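# Observations on the three-dimensional arrangement
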Amino acid sequence: GFFQSYAVEVDIKDASNATCLYADWMMRFLITYESNNGDYKTTTLNLSSSVTHNGSVCGNDTQAALVAVQFGEGHSWSINITKNNETYQGDFITLTYNTNDTAVFPDAKRKGPVTVLVKDPLQPVQLNTVFVCHNSYFIEAENITQIFWNVTVQAFVQNGTVSKKESRCPADTPTSAPTVPPTIANVTTAFTTTSSPAPTTAPKPVENPDTGNYSLKSGNKTCFLATVGLQLNVSQDKPLLININPKTTVADGACGNTTATLKLNDGNSTLIGF
């Protein structure tokens with residue numbers, strides 16, 4: 001199944017009607033909630049066709065900028081962005097979802113708004129530089145996975161003109177081709193901080209990876225099953241091959257009616273999400 005997703009564009013003006021903060025992005029949320037019968041279900045919260053941005057502010061040297069959007073039946077999302085010398089950086093992301101929205105949460109046990117706060121993990125961006133991330137990246141907190149793609153953001157815009165100088169996210173390197181909106185088939189992101197010292201002798205060939213059996217459960221039933229051998233080819237100055245070891249890899253994630261997320265963590269700073 002494909003979900004209808006809408007882009008959000010926020011162009012905040014200052015007192016002189018010049019752009020001071022610009023943001024254009026797409027996002028969706030995977031939320032696990034408790035149903036009336038005690039089971040835990042995962043649903044997808046998408047942006048609606050009509051989005052407002054009440055409360056968004058430019059910010060300055062002493063006050064954080066704020067991008068705030070409201071959508072659907074009582075849902076909202078915001079990020080405050082701070083300025084520090086020659087850089088700006090996202091601080092905290094706040095998501096409030098309303099389980100009274102029966103189209104998204106048809107049988108939620110808990111009724112009313114739920115707020116989740118998470119620290120923005122992205123690195124600082126130089127002033128007069130626009131942050132761009134075409135590929136999907138994930139931010140996880142508690143029972144929520146936030147998915148972002150096709151992101152363009154610049155806070156503390158100078159002279160009212162969005163910069164042409166870009167700072168790319170890790171998910172866009174080494175390639176920067178835009179991705180299509182994430183679905184079960186194409187949401188695949190790999191992050192790794194694993195590095196290897198330059199060998200003094202010719203490296204041994206890396207054998208084929210062992211096959212692992214990974215599964216997720218929804219209640220007492222298996223909802224996601226993958227039998228696969230995984231090898232990462234990391235593009236660096238010298239290519240690095242990493243085999244994912246099933247014996248040390250932990251599977252996590254969640255299943256919904258029409259979408260699912262499988263996360264594999266090998267315990268060595270390598271995380272793969274499907």
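Residues numbered from 1 in each chain as written. Predicted model: local features only at pLDDT ≥ 70, side-chain atom pairs only at ≥ 80, totals over all residues. Heavy atoms only, no water.

The next subject is the overall build of the protein chain. Within the protein chain one finds zero helices and 21 strands. With 274 residues in all, the protein chain has 42% of them scored as buried. Considering only residue pairs separated by 6 or more positions, the protein chain has 53% of its internal contacts joining residues 24 or more positions apart. In the structure as shown, the protein chain presents an accessible area of about 15,100 Å², 49% of it carried by carbon and sulfur atoms. (Helix = DSSP H or I, 4+ residues; strand = E, 2+ residues; numbered from the N terminus. Buried < 20%, exposed > 50% of the residue type's maximum accessible area, 1.4 Å probe, protein only. Contact = heavy atoms within 4.5 Å. Areas by Shrake-Rupley, 256 points an atom, 1.4 Å probe, with all protein chains shown as cover.)

Turning our attention to empty space enclosed by the protein. Counting across every chain of the model gives one cavity of 30 Å³ or more. If you add up the space inside the largest cavity, you get close to 300 Å³. What lines the largest cavity is a set of 21 residues, among which I79, D120, L122, F131 and V153 lie closest to the centre. Elements with a contribution of two residues or more to the lining of the largest cavity: β2 (19-34), β6 (75-84), β7 (87-98), β11 (137-141) and β12 (144-154). Broken down by element, the residue count for the lining of the largest cavity peaks at four residues, all from β7. Taken together, the residues of the lining of the largest cavity break down into 17 nonpolar, three polar and one charged. (1 Å grid on protein atoms, 1.4 Å probe; cavity = no way out; pocket = protein on both sides within 12 Å on 5 of 7 lines; lining within 4 Å. Points joined across faces, edges and corners; volume = space filled by probe spheres on them. Nonpolar A, V, L, I, M, F, W, Y, C, P; charged D, E, K, R; others polar.)

Membership of the largest hydrophobic core comes to 46 residues, with the highest contact counts inside it found for W25, W77, I81, Y97 and F131. For this core, the element with the highest residue contribution is β2, accounting for eight residues. Contact partners of W25, with chain neighbours within four places excluded, come to Y6, A7, V8, V10, V67, V69, W77, F148, W149, N150 and V151. Counting residues in each nonpolar core, the second largest holds 15 residues, with Y214, L216, F224 and V234 among its members. (Core = buried A, V, L, I, M, F, W, Y, C linked by side-chain atoms within 4.5 Å.)

A few words now on the pairing of strand β1 (residues 8-13). Consecutive residues of a regular strand have side chains that alternate between opposite faces of the sheet. What you see with β1 is a clean split: V8, V10 and I12 sit on the buried side and E9, D11 and K13 on the side with no burial. The pairing of β1 with β2 spans six bridges and is classified as antiparallel. Bridging from a neighbouring strand, D11 pairs with Y22 of β2. Here β1 hands over to β2 after five residues, with N17 in that stretch at a positive phi of 65 degrees. (Pairing = 2+ DSSP bridges.)

Let us now look at the confidence of the model for the protein chain. In regions of low pLDDT, the predicted coordinates are not meant to be interpreted in detail. Confidence along the protein chain averages 84 in pLDDT terms, with 83% of residues attaining 70 or more. Model confidence for the protein chain, summarised as mean pLDDT per element, is weakest for strand β14 (residues 189-192) at 42 and strongest for strand β9 (residues 125-126) at 96. Note on residues 175-179: pLDDT under 50 across the span, and 11 contacts to partners over four residues away in sequence or across chains. Per-residue pLDDT stays below 50 along residues 183-196; that stretch engages in 34 contacts with residues further than four places along the chain or on separate chains. (pLDDT = per-residue confidence, 0-100.)

Attention now goes to the state of the cysteines. All told, the structure shown has three disulfides when counted by the stated rule. Sulfur-sulfur distance for the disulfide between C20 and C58 comes to 1.8 Å. Between C20 and C58, the S-S dihedral sits near -65 degrees, and the bridge is therefore left-handed. Of the two residues, C20 is situated in strand β2 and C58 in the loop between β4 (51-52) and β5 (65-71); the sequence distance between them amounts to 38 residues. No difference in accessibility class separates C20 from C58, as the two residues are buried. (Disulfide = S-S within 2.5 Å.)

Another aspect to go through is the packing of aromatic side chains. Going through the model one piece at a time under the given rule, you end up with six aromatic pairs. Note on W25 and W77: the rings are 5.5 Å apart at their centroids and 45 degrees apart in plane angle, and the pair reads as tilted. Linking W25 in strand β2 with W77 in strand β6, this pair joins segments that are 52 residues apart in sequence. Each member of the pair W25 and W77 is classed as buried. (Phe/Tyr/Trp six-rings, centres within 6.5 Å; stacked < 30°, edge-to-face > 60°.)

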